[in-house]
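# Observations on chain architecture
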Protein chains: 2
Amino acid sequence: MTRRQLHLNAFLMNTGHHEASWRLPESNPYASVNLDHYRNLAHIAERGTFDSLFLADGPVLFSQVGQRPSGALEPITLLTALATATEHIGLIATASTSYNSPYNLARRFASLDHLSGGRAGWNIVTTAGAEAARNFGLDDEPAHATRYERAAEFLDVALKLWDSWEDDLVVADKAAGVWGDQRKIHPPRHKGTYFSVEGALNVPRSPQGYPLLVQAGSSQDGRRFAARYAEAVFTAQQTLNDAQNFYADLKSRAREADRDPDHIKILPGIVPVIGSTEAEARQHEQVLEDHIVYEHGLHRLERLLQLEPGALELDAQLPAELAPESAIEGAKSRYTLIVELARRDRLTVRELIGRLGGGRGHLTFTGTPEQVADTIEDWFRRGAADGFNIMPAVLPSGLDLFVDHVVPILRARGLLRTEYGPRQTLRERYGLPRPDNQHTAALV
Amino acid sequence: MTRRQLHLNAFLMNTGHHEASWRLPESNPYASVNLDHYRNLAHIAERGTFDSLFLADGPVLFSQVGQRPSGALEPITLLTALATATEHIGLIATASTSYNSPYNLARRFASLDHLSGGRAGWNIVTTAGAEAARNFGLDDEPAHATRYERAAEFLDVALKLWDSWEDDLVVADKAAGVWGDQRKIHPPRHKGTYFSVEGALNVPRSPQGYPLLVQAGSSQDGRRFAARYAEAVFTAQQTLNDAQNFYADLKSRAREADRDPDHIKILPGIVPVIGSTEAEARQHEQVLEDHIVYEHGLHRLERLLQLEPGALELDAQLPAELAPESAIEGAKSRYTLIVELARRDRLTVRELIGRLGGGRGHLTFTGTPEQVADTIEDWFRRGAADGFNIMPAVLPSGLDLFVDHVVPILRARGLLRTEYGPRQTLRERYGLPRPDNQHTAALV
Ligand SMILES: Cc1cc2nc3c(=O)[nH]c(=O)nc-3n(C[C@H](O)[C@H](O)[C@H](O)COP(=O)(O)O)c2cc1C
Ligand SMILES: Cc1cc2nc3c(=O)[nH]c(=O)nc-3n(C[C@H](O)[C@H](O)[C@H](O)COP(=O)(O)O)c2cc1C
């Protein structure tokens, strides 16, 4: 019997997850639109036999361009380019259910799945924030619950579209002039609250049937959604205990939804800051913190906590009175995580910004390769994770360090493959079954 | 002074533009989702020093899958993969203004322009047909005039988005912690009839500023639109005379719109069926015609002419009474072209289907390489074309034949580059100027 295997996802982001990473001498400030930068990252991740790589997204220009590198390539487009530069690694793109139409998005993911030989994944998000809404004809963001309601219907429609071609439809009988079996086309004929979609997809069924479904919201609505649809879940967790609770909760929700809990993989994020000694690692961290512009962080934090400008002071703690999560229509679970982190460690706003600067609420772990591997193994063995979302503070160097120094330890411990072996789909990498087509499943 | 140069665009489509091409022994019936097939075509076109290649599109599963290969990869996605496999050739994707939102589409084209080093082009279409409409929540297609009205507003918004970053915005001052100049961000703040789009694009300005704008509708509305926005125009013309009239009309409309008529390139389509002798070429054509299933063509023609099923008979001519173009809400100019073709040559429905089978209304020219080159040169010199949209009946063989046998003749006549030379953007290939940013143009 093979040992339970750890899954690794490389969360790629420009010059790194630390907000000040672009200011280091080694960083390319034009990396966000540079294909070679991303190709290099993909090659490093393949060298580390990662399961997948991942790009975040929001249809909005978030930050002030004065503060740090802004803008990015659209993820499905960039991952398509990376598909041609890689052979084994999975390619997970974020896309919003609030600001796309199912027909367009379903065909784009089906196309990526074809072009990559079955390596496509979709990180399904509902997109918080009024700024995004205003780029799509709305005055304000739809309520949190409404966004998740729309997301569920979006998924139902997308699944109907992906299943609208049976796998064995094509007969390609040249002599008879018959290409496919029309009876194996199943138009969705969907009429719902948010969408009406009549016809079949215009892309033949792809290698995986449809992309791996990944989800990244941790609110109650987010978990309900994940339990129903997600095959992998990204999550930000600050402590082993929180991560264990989240893990147990999602697995039990999956069970309640009549799903095999092993078919939903939980991947907390970790920002590893690695040094050959603890002191060297701390020093790396210090250099990054020294480059933070705290005034910028202050404004972002005020927005995120839905406070008035000027409500926070850098050298004081958060106000004692803050809104409950229920009053937040944006990113609910991230709000709670940040408030709890600040309260627990009695952080000043300045210290909180320092902590968030590294991973926006994800666990930053600073130490030697051995210590990083220990933490990963600990969480993995103690019911907190099926794998990790690796979020290097600085790119490409942080990914290089992880692959050169942490990966060998994980391999030596039998937790991670030493090579890819034959080509596999993204689902196969994660040890997940290929989903049945809803129109043929019953016939088996 | 260099001689006026001919522009060539390779219109790629599955196993070829002839509807029966997939039935030939040489054809791959799975070509539509096969990256190697398209890579090979792109390499052939680069060997022929074409200006660009092009993919058509509609967000709908058009044909009955029984009749011929159906479905395709989404064009921007496929062209992104081809961008990484090519160095010089332009990459033109069709996308609909009726079934996309400007923010999403603008960023995808900006991304392709970045990833290809400035080789992106957009064939702007309004998408005829109720079937497409029903995939996007509508009951029927919007009226022809409404579609073009929306298209114009779509372009205005897209241009505002592409111009929302000035070219020299990024300062990348690491020491000061200043990445860009916020004053050089110009949010569209657009509130119109069809769209409201508030914020700036989340993609830095791309090499070309924005993709080459191509247009392919020939109705009165289509021409008005082209005169205002298009830098290149695809068109189906059956005779030299019709093509000359169209050419003169569009150039004079451009002049009236205060544009340089040389900055709108007219590219009629041609389906070259090539043989080393005329007889051999005719034989190729005959083989293709022998593989047409006429009953299928009959149904398609009835739909296109907005007739009841059963209204047409294979061995009779078209009914004497047909609706005027003004009654057609779908593809107006294609309707008129087909009706006029049938009337002019007194074709039976069977003969008409045979003619359309090759190029859906585009000129099919059957002959030797010399004869094909003569026709191309004739149209080019006599004010009918700035170049051609090459639509091989069978792919890849038809493109191979064109590149191996017609291209050398065009080169020998000084009409076509013999090599690409240094890298250029798609606009540079077509001899078009880089457009100014609307926010900086006035300052020059
Ligand atoms: C690793 C990770 C990556 C995420 N990436 C995105 C993203 O790219 N775009 C987005 O809109 N949301 C993203 N999210 C989800 C948002 O953070 C989400 O809105 C947040 O978790 C709140 O969701 P909730 O309200 O369900 O808790 C991500 C979350 C995690 C944990
Ligand atoms: C070469 C060429 C390619 C075209 N490709 C497409 C296409 O991919 N998708 C589409 O919806 N229309 C396409 N069209 C445009 C339609 O045919 C168009 O709807 C038709 O010309 C009618 O437009 P009109 O009503 O303005 O004449 C193309 C036209 C030409 C000449």
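You'll find the structure just up there.
First things first, this report covers the structure right here in the doc. None of the values given here were measured: they were computed from a predicted structure. (Residues numbered from 1 in each chain as written. Chains lettered and ligands numbered in written order. Predicted model: local features only at pLDDT ≥ 70, side-chain atom pairs only at ≥ 80, totals over all residues. Heavy atoms only, no water.)

## Some thoughts on the side chain of Glu 153 of chain B
Residue and element names in this part refer to chain B. Turning to its location among the elements, Glu 153 is positioned in helix 5 (residues 144-162). Of the side chains with opposite charge, Lys 160 comes closest to the buried, unpaired Glu 153, at an N-O distance of 7.8 Å. Polar side-chain contacts of Glu 153 include one of 2.9 Å to the backbone nitrogen of Tyr 194. (Helix = DSSP H or I, 4+ residues; strand = E, 2+ residues; numbered from the N terminus. Buried < 20%, exposed > 50% of the residue type's maximum accessible area, 1.4 Å probe, protein only. Lys, Arg positive; Asp, Glu negative; His and termini not counted. Salt bridge = Lys/Arg side-chain N within 4 Å of Asp/Glu carboxyl O. Polar contact = N/O pair within 3.5 Å; in protein donor to acceptor, adjacent residues only side chain to side chain.)

## Topic: the packing of aromatic side chains
Residues and elements named next belong to chain A. All chains considered together, the criterion is met by 30 aromatic pairs over all chains. Judged by centre distance (6.0 Å) and plane angle (55°), the ring pair of Trp 379 and Phe 388 falls under tilted. Owing to a relative accessible area of 1%, Phe 388 belongs among the buried residues under this scheme. Through a chain of ring-to-ring contacts, the aromatic side chains of Phe 109, Trp 122, Phe 154, Trp 162, Tyr 194, Phe 195 and Tyr 210 assemble into a single cluster. (Phe/Tyr/Trp six-rings, centres within 6.5 Å; stacked < 30°, edge-to-face > 60°.)

## Re unusual backbone geometry
Cis peptide bonds are those with omega within 30 degrees of zero, and the linkage from Leu 395 of chain A to Pro 396 of chain A qualifies with 5°. The phi dihedral of Asn 14 of chain A falls on the positive side, at around 45°, and the residue is not glycine. Of note, Asn 14 of chain A is situated in the loop between strand 1 (7-11) and helix 1 (35-47). A residue is classified by how much of its surface remains accessible, and Asn 14 of chain A, at 10% relative accessible area, is buried. For Gln 306 of chain B, which is not a glycine, the phi torsion comes out positive at approximately 55°. Positionally, Gln 306 of chain B belongs in the loop between helix 9 (294-304) and helix 10 (332-344).

## Brief notes about the pattern of salt bridges
Residue and element names in this part refer to chain B. Counted according to the given criterion, the structure contains 64 salt bridges over all chains. A salt bridge links Asp 51 to Arg 417; its shortest N-O distance comes to 2.9 Å. Taken together, the residues Asp 51 in the loop between helix 1 (35-47) and strand 2 (52-55) and Arg 417 in the loop between helix 13 (397-412) and helix 14 (426-429) connect sequence positions 366 residues apart. Exposure class is identical for Asp 51 and Arg 417. Each is buried. The partner of Asp 315 in a salt bridge is Arg 350, and the shortest N-O contact between them spans 2.9 Å. Pair noted here: Asp 315 is in the loop between helix 9 and helix 10 and Arg 350 is in helix 11 (residues 349-359), with a separation of 35 residues, a long-range link.

## So, the site of ligand 2
Residue and element names in this part refer to chain B. In the region of ligand 2, 25 residues are neighbours, and Asp 57, His 144, Tyr 148, Ser 219 and Ser 333 sit closest. Here Asp 57 contributes a backbone N or O atom positioned 2.7 Å from an oxygen atom of ligand 2. In isolation ligand 2 has 610 Å² of accessible area, and contact with the protein removes 89% of it. Within the residue set of the shell around ligand 2, elements represented by two or more residues are strand 4 (120-125), helix 5, strand 10 (232-235) and helix 10. Here the shell around ligand 2 gets 3 residues from one element, more than from any other, and that element is helix 10. (Near = heavy atom within 4 Å. Areas by Shrake-Rupley, 256 points an atom, 1.4 Å probe, with all protein chains shown as cover.)

## Focus on the site of ligand 1
Residues and elements named next belong to chain A. The full set close to ligand 1 counts 25 residues, and Asp 57, His 144, Tyr 148, Ser 219 and Ser 333 are the nearest of them. Ser 219 is positioned with one of its side-chain polar atoms (N or O) 2.6 Å from an oxygen atom of ligand 1. Contacts to ligand 1 include Ser 333, whose side-chain N or O atom sits 2.3 Å from an oxygen atom. Surface burial for ligand 1 is 88%, taken as the share of its 620 Å² of free accessible area covered by protein chains. Breaking the shell around ligand 1 down by element, the ones donating at least two residues are strand 4 (120-125), helix 5 (144-162), strand 10 (232-235) and helix 10 (332-344). For the shell around ligand 1, the element with the most residues is helix 10, which contributes 3 residues. Taken together, the residues that form the shell around ligand 1 break down as 9 nonpolar, 13 polar and 3 charged. (Nonpolar A, V, L, I, M, F, W, Y, C, P; charged D, E, K, R; others polar.)

Note that every value here comes from positions in space, so none of it alone points to a role or purpose.
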